Amino acid sequence: MPIEIAAAAGTAEALVARPSTATGPLPGVILYMDAFGLRPRIQEMAQRIADWGYVVLAPNVFYRDGSIAELAPAADMSTQEGREAAGKAAFPRVGRLTPDKALRDITAWVSALAGLEGVAPGPIGTTGYCMGARLAVRTATSHPDLVAACGGFHGGGLATAEPDSPHLKLGDARARFVFGHADHDRSMAPDAVARLGEALQATGLEATNEIYAGAPHGYTMADTAAFDPEATERHFQELRALLDTTLKG
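It should be emphasised that the depicted structure is a prediction, and the values quoted were computed from it without experimental measurement.

This next bit is on the environment of Phe 91. Position of Phe 91 relative to the elements: it lies in helix α3 (residues 80-96). Remark: the alpha-carbon pair of Phe 91 and Thr 220, spanning 129 residues in sequence, is separated by 18 Å. Setting aside anything within four residues of it in sequence, one finds Phe 91 in contact with Ala 35 and Phe 36.

Structure below.
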């Protein structure tokens, strides 16, 4: 069952995953979902990360628009047509989650993670998918003393020409970053990947910033037509190495 969090604009649901065997206190991780919301696939991913020895919180960042159940995709996203149909409902929500709203919520997610039973005090990690990658970066840049690890996978809009682009705040962060970009991604084109890389290099932060050759946008989402098993496993390997070296090392 989801837990409830007092967020900036009301009560938000969140999924929590704990290790199947390990006991706490354990490092905490915030997992930011993709545009299609909290659903069994996100719970599966959170559980896999938890089984590495973490407590994982996955908040419903679209709580202003509805509950987990209300926002669940109605279409079968395993076909391209179904994925596109689900996107027509989901993508407007992404636009409504403006940076100022997101930053207020991030404070609530960080506080909620710290308050979960079995979460160790100290540094945390965060990982995000699709638009969730932006939220992961904003978490690292707005809470630099706390976030030690930040992953972003098939992220979009990480380095734009807008004045509130996530990459412009990287100088505030202290985390180690791992980015695994989709190939030929309209939401994160090669010039944007290069811009992100330049910003990371300018800060001196430890980071990897790579395009996964042949992997489409959404490659980790096994319940959609974009799923790429090879790229997904690569992402899990790189994410685990990131979390283990920064939070357990």
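Quick look at the sheet that holds strand β2 (residues 10-17) now. Note on sheets: strands pair through backbone hydrogen bonds, and any given pair is parallel or antiparallel. Strand order in this open sheet of eight strands is β1-β2-β4-β3-β5-β6-β7-β8, and the pairing throughout is mixed. Each edge of the open sheet is held by one strand with a lone partner, namely β1 (3-7) and β8 (207-211). Averaged over neighbouring strand pairs, the angle between their axes works out to 20° when direction is ignored. Pairing geometry for β1 and β2, over five bridges, is antiparallel. Each residue of the ladder has a partner; that of Glu 4, found in β2, is Glu 13.

A few words on helix α5 (residues 131-142). Taking 1.5 Å per residue, twelve residues should reach 16 Å; α5 reaches 17 Å between its end C-alpha atoms and fits that length. Taking burial as the measure, the twelve residues of α5 include ten buried ones, the bulk of the element. Within α5 the residues assigned to the buried category are Met 131, Gly 132, Ala 133, Leu 135, Ala 136, Val 137, Arg 138, Thr 139, Ala 140 and Thr 141.

Glancing now at the pairing of strand β6 (residues 147-153). Counting buried positions over the seven residues of β6 gives seven, a clear majority of the element. Crossover connection from strand β5 (residues 124-129) via α5 to parallel β6: handedness right-handed. The pairing of β6 with strand β7 (residues 176-181) spans five bridges and is parallel. Residue pairing in the sheet places Cys 150 in a bridge with Phe 177 of β7.

Counting residues in hydrophobic clusters, the biggest one holds 85 residues, and the most contacted among them are Ile 49, Trp 109 and Phe 177. It is helix α4 (residues 99-115) that contributes the most residues to this core, seven residues altogether. Setting aside residues up to four positions removed in sequence, Trp 109 forms contacts with Ile 5, Ala 7, Ala 12, Ile 30, Tyr 32, Leu 57, Pro 59, Asn 60, Val 61 and Tyr 63.

Right, let's talk about the packing of aromatic side chains for a bit. Here the structure, examined in full by the defined rule, presents six aromatic pairs. Between Trp 52 and Phe 236, the ring centres sit 6.1 Å apart and the planes meet at 85°, which makes this aromatic pair edge-to-face. Remark: Phe 236 occurs in helix α7 (residues 229-248) and Trp 52 occurs in the loop between α1 (40-50) and β4 (55-59); sequence separation between them is 184 residues. With respect to class, Trp 52 is no different from Phe 236; both count as buried. Note that Arg 48 overlies the ring of Phe 236, its terminal NZ or CZ placed 4.0 Å from the centroid.

Moving on, we come to the side chain of Arg 93. As for its position among the elements, Arg 93 is in helix α3. Among buried Asp, Glu, Lys and Arg side chains, Arg 93 stands out as unpaired, with Asp 65 the closest opposite charge at 5.1 Å. With residues near it in sequence (within four places) discarded, Arg 93 still touches Ala 35, Phe 62, Asp 65 and Leu 71.

Rules of the game
- Residues numbered from 1 in each chain as written.
- Predicted model: local features only at pLDDT ≥ 70, side-chain atom pairs only at ≥ 80, totals over all residues.
- Heavy atoms only, no water.
- Helix = DSSP H or I, 4+ residues; strand = E, 2+ residues; numbered from the N terminus.
- Contact = heavy atoms within 4.5 Å.
- Pairing = 2+ DSSP bridges.
- Axes fitted to C-alpha atoms, helices over the stretch in contact; angles between N-to-C directions.
- Expected span 1.5 Å × (residues − 1).
- Buried < 20%, exposed > 50% of the residue type's maximum accessible area, 1.4 Å probe, protein only.
- Right-handed = clockwise from strand over helix to strand, strands pointing away.
- Core = buried A, V, L, I, M, F, W, Y, C linked by side-chain atoms within 4.5 Å.
- Phe/Tyr/Trp six-rings, centres within 6.5 Å; stacked < 30°, edge-to-face > 60°.
- Lys NZ or Arg CZ within 6 Å of the ring centre and 35° of its normal.
- Lys, Arg positive; Asp, Glu negative; His and termini not counted.
- Salt bridge = Lys/Arg side-chain N within 4 Å of Asp/Glu carboxyl O.

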